[in-house]
Amino acid sequence: MTPLAARYDRTCRWLRAHPLAFDGALAFAALICMVTGSFADPHGPHGPTFGTRIPDPRSVVLMLVAAAALVFRRREPMGVLLVTGAVSVVELVAGDPAAPVAMSAVIALYTVAARTDRPTTWRVGLLTMAVLTGSAMFFGSSPWYTQENLGIFAWTGMAAAAGDAVRSRRAFVDAIRERAERAERTREEEAGRRVAEERLRIARDLHDVVAHHIALVNVQAGVAAHVMDKRPDQAKEALAHVREASRSALNELRATVGLLRQSGDPEAPTEPAPGLAVLDELVTTFRQAGLPVEVARADDGEVPPAAVDLAAYRIIQEALTNVQKHAGPDAKAEVSVVRVGSRLEITVIDNGPEEAESPDDGGGHGLLGMRERVTALGGTLTAGPRYGGGFRVQAILPLQVRSNPPGEDG
């Protein structure tokens, strides 16, 4: 930016910040123009001449009043137009020839058009044009068809049109700015919503991983402590299961927390999310922990969408963890994975005692997390005690998931 352009930009900003100073400068410039024009004589012997006449005191007073009124044109546009219009009519009727006091009325009319609506501009503009032009034509000393009278008509019309155009452009710019601000707010809200959903998804994954493996570690550690003295070989086997469960927990935690890495961080996790393809491995960990689990699958071996695959795995993992923790030492579990049309039904039941502790006792979040997963995919989850004892968890997941399910978007 050149120094001249920079100085102009600073001046414009200062004038926008001090509108009264700008209006005062405009009023002074209008006064100079009116006074200068009052020295012109349009009816000289050889055409218009300048400096051959001097404005009378009445015209000077009217020009001063009109210029002073322009200082307040932003605060009271209608009042200023009324004052400048009145002094213009007085000068047009009494002046011979009239001083160009109507210039102030043209500026006031422009202000009204720029700061009001279009219907008001039409009404006030037509009235001002009619009053000023009529006063000049019918009460002035010159013939009605002179160029000065037609000039008043043209200048008032152009002032109304220019003010209306400026108002329309200002409204258009304000609308664009408002849309841009609204779009920015929407983007920020959408980003915040996605962050919250991603936090919820990671929290569910962490809960499922930690609850599952810590439950297995707890059971195997208890077994090892119980048989340490009498059967050390079985205690070593239980400790090996503890070590394997701990390693699996660390690996899954590393993969889950790795999602929080920046895109440029090294060693980003590359392992795929667990799914029904590794269901046998999941069931094996529970069997090694002493929980008999039977699995029945009728899903035709087809791989469901990634979101459904992960949700099904996590639901089975959490349900079996709840059986391990709450169903008692003699409990058995059954898992079924059945594909029915465009749905995948996951069912986990156990034969725990009727008075067994509910999975939600103690403030756990297992069932809540399962229900959030299923709801995010548009499915349904039912969980509750079975008649005669035990607990039943059933999830129905649609295979045609939504394009961006809440809580599962990466």
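Residues numbered from 1 in each chain as written. Predicted model: local features only at pLDDT ≥ 70, side-chain atom pairs only at ≥ 80, totals over all residues. Heavy atoms only, no water.

Peer 1: Hey, could you run me through the sheet that holds strand β5 (residues 343-350) in this one?
Peer 2: The pairing of strands in a sheet comes from backbone hydrogen bonds and takes either a parallel or an antiparallel form. Read from one edge of the open sheet, five strands run β3-β4-β5-β7-β6, paired in mixed fashion. In this open sheet, the two strands that pair with only one neighbour each are β3 (293-298) and β6 (380-385). Put simply, the sheet's adjacent strands are angled 10° from each other on average, direction ignored. When β5 meets strand β7 (residues 391-398), the two strands line up antiparallel, connected through seven bridges. When the sheet's bridge partners are listed, I346 is paired in β7 with A395. (Pairing = 2+ DSSP bridges. Helix = DSSP H or I, 4+ residues; strand = E, 2+ residues; numbered from the N terminus. Axes fitted to C-alpha atoms, helices over the stretch in contact; angles between N-to-C directions.)

Peer 1: Just to check I follow, could you spell out the pairing of β6 for this structure?
Peer 2: Consecutive residues of a regular strand have side chains that alternate between opposite faces of the sheet. Bridge analysis of β6 against β7 gives six bridges, and the strand direction is antiparallel. Along β7, the bridge assignment pairs P385 with F391.

Peer 1: Looking at this structure, I do not really get the environment of P385. What am I missing?
Peer 2: Inspection of the secondary structure puts P385 in strand β6. Discounting residues that sit within four places of it in the chain, P385 has contacts with G390 and F391. (Contact = heavy atoms within 4.5 Å.)

Peer 1: How do you make sense of the environment of T84 when you look at a structure like this?
Peer 2: With respect to the helices and strands, the residue T84 is situated in helix α4 (residues 77-94). With relative accessibility at 0%, the residue T84 sits in the buried group. Residues in contact with T84, not counting those within four places in the same chain, are A66, A69, L70, S104, A105 and A108. (Buried < 20%, exposed > 50% of the residue type's maximum accessible area, 1.4 Å probe, protein only.)

Peer 1: Would you mind showing me how to read the nonpolar core here?
Peer 2: One recurring pattern in soluble globular proteins is that nonpolar side chains are buried together. Ranked by size, the top nonpolar core spans 35 residues in total, and within it V293, I316, L320, V337, L344 and I346 carry the most contacts. Counting only elements with at least two residues in this core, the list comes to α9 (279-288), α10 (306-326), β4 (333-340), β5, α11 (366-376) and β7. Looking at this core, the element that brings in the most residues is α10, giving 10 residues. Those residues in contact with V337, other than ones at most four positions away along the chain, are L276, L279, A296, R297, A298, D299, I316, L344, E345 and I346. Listed in part, the 14 residues of the second largest apolar core include A69, V80, L81 and A159. (Core = buried A, V, L, I, M, F, W, Y, C linked by side-chain atoms within 4.5 Å.)

Peer 1: Explain the pattern of salt bridges to me, please; I cannot follow it from the model alone.
Peer 2: As a working rule, side chains carrying opposite charge can pair if their charged atoms are close by. Going through the model one piece at a time under the given rule, you end up with 12 salt bridges. Residues R182 and E178 are paired through a salt bridge, measuring 3.6 Å at the closest nitrogen-oxygen approach. Of this pair, R182 and E178 both sit in helix α7 (residues 147-227), four residues apart, which is roughly one turn of the helix. For R182, a relative accessible area of 38% translates into the label partly exposed. The exposure class of E178 is partly exposed, given its relative accessible area of 47%. Note that R187 is salt-bridged to E184, the shortest N-O span being 2.3 Å. Here R187 pairs with E184, and both are found in helix α7, just three residues apart, close to one helical turn. We classify E184 as partly exposed; its relative accessible area is 35%. (Salt bridge = Lys/Arg side-chain N within 4 Å of Asp/Glu carboxyl O.)

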